[in-house]
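A look at the structure
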Amino acid sequence: MATPHINAADGAFAETVLMPGDPLRAQYIAENFLENAELVTDVRNMFGYTGTYKGKKVSVMGHGMGIPSCSIYVHELIKDYGVKNVIRVGSCGAVKDDVKLMDVIVAQGASTDSKVNRTRFADHDFAAICDFHLMETAVGEARKQNVSVRVGNVFSADLFYSPEADLFNKMDKLGILAVDMEAAGIYGVAAELNARALTILTVSDHIIRGEALSSDERQKSFNEMMTVSLETAIN
Ligand code: ADE
């Protein structure tokens, strides 16, 4: 049955869905990495596709920007479409000094200034963590493919344009690797609905050093992350 935000048929999604923020990235992944990909949902142009990778059924769908947007799509995919594994494939801004542009970050945990996980948990701290099996598989794949990978804590920010510049230095001191805007929300939804989730990110900019990837470097590092993520999806 269609949901308010997804108009796919029952059974249209694979058990594992890869999720970039940008729906046009979902289209790019479907067209360039999957075989026989078909569009299965297009509400608000938040495109979702199902095809195969190395013969195994895999879906890809955009989740938009920020925790409210991704929480809606991940919730409906798990609850209404029976999705078991969600792998966010996104970008992040590094804060830790020894993280380099183009590194791949596997978000083992996700801190946040969002209140969503406190709302779920009587206002207590909830340690938003990824699924161990997905993480282990992704790290193994990255090493196999010689991709420079870092594993650790990220910070899922509500504000892209933060007025609190010193917060980034505090994150660095606490060992947080990088900032995204969704991982903590996706981990919270997956925990609530008993599904597995992982966030894999490319470092597109370094917030403290003020560095950013060129568009060619962006594409190359996105493609590297995608092969790691697709192998994780089928293993
Ligand atoms: N994604 C990529 N760069 C980012 C940044 N600087 N802050 C939050 N999310 C990001």
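In the block above lies the structure referred to throughout.
Here goes a summary of the coordinates provided.

Calculation criteria
Residues numbered from 1 in each chain as written. Predicted model: local features only at pLDDT ≥ 70, side-chain atom pairs only at ≥ 80, totals over all residues. Heavy atoms only, no water. Helix = DSSP H or I, 4+ residues; strand = E, 2+ residues; numbered from the N terminus. Axes fitted to C-alpha atoms, helices over the stretch in contact; angles between N-to-C directions. Parallel < 35°, antiparallel > 145°, perpendicular 65-115°, else oblique. Left-handed = near helix turned anticlockwise from the far one by under 90°. Contact = heavy atoms within 4.5 Å. Nonpolar A, V, L, I, M, F, W, Y, C, P; charged D, E, K, R; others polar. Buried < 20%, exposed > 50% of the residue type's maximum accessible area, 1.4 Å probe, protein only. Pairing = 2+ DSSP bridges. Near = heavy atom within 4 Å. Polar contact = N/O pair within 3.5 Å; in protein donor to acceptor, adjacent residues only side chain to side chain. Areas by Shrake-Rupley, 256 points an atom, 1.4 Å probe, with all protein chains shown as cover.

By secondary structure assignment, the location of Asp 166 is in helix 5 (residues 166–173). Sequence separation of Asp 166 and Ile 207 is 41 residues, and the distance between their C-alpha atoms is 11 Å.

This part takes up the packing of helix 4 (residues 132–144) against helix 7 (residues 215–234). Packing of helix 4 against helix 7 leaves a shortest axis separation of 9 Å and a crossing angle of 135°. Taken together, the axis directions place helix 4 and helix 7 in an arrangement best described as oblique. Judged by the twist between their axes, the crossing of helix 4 over helix 7 is right-handed. Note on element contacts: helix 7 touches helix 4 through Val 228, Glu 231 and Thr 232, opposite Leu 134, Thr 137, Ala 138, Glu 141 and Ala 142. Its residues assigned to classes, the contact of helix 4 with helix 7 shows 4 nonpolar, 2 polar and 2 charged.

Before going further, it helps to spend a moment on the pairing of strand 9 (residues 196–206). For strand 9, the buried fraction is high: 9 of the 11 residues fall into the buried class. Pairing of strand 5 (residues 85–94) with strand 9 involves 10 bridges; the strand directions are parallel. Directly across from Val 89, in strand 9, lies its bridge partner Ile 200. Across 3 bridges, the pairing between strand 6 (residues 104–112) and strand 9 is antiparallel. In the sheet register, Val 106 faces strand 9, and the bridge partner there is Ile 200. Between the antiparallel neighbours strand 9 and strand 10 (residues 211–212) lie 4 residues, among them Gly 210 with a positive phi of about 65°.

Moving on, we get to the side chain of Thr 199. Within the secondary structure layout, Thr 199 lies in strand 9. When residues no more than four places from it in sequence are discounted, the contact partners of Thr 199 are Arg 88, Ile 105, Val 106, Ala 107, Asp 180, Ala 183 and Tyr 187.

Quick look at the site of the ligand now. Neighbouring the ligand are the residues Ser 91, Cys 92, Gly 93, Phe 160, Val 179, Asp 180, Met 181, Ser 204, Asp 205 and Ile 207. At a separation of 3.4 Å, a nitrogen atom of the ligand approaches a polar backbone atom of Ser 91. For the ligand, the accessible surface in isolation is 260 Å², of which the surrounding protein chains cover 86%. Looking at the shell around the ligand, the elements with two or more residues in it are strand 5, strand 8 (178–180) and strand 9. In terms of residue count, the dominant contributor to the shell around the ligand is strand 5 (3 residues). Looking at the shell around the ligand residue by residue, the classes come out as 5 nonpolar, 3 polar and 2 charged.

In short, the description is geometric, and any link to function would need to be established separately.
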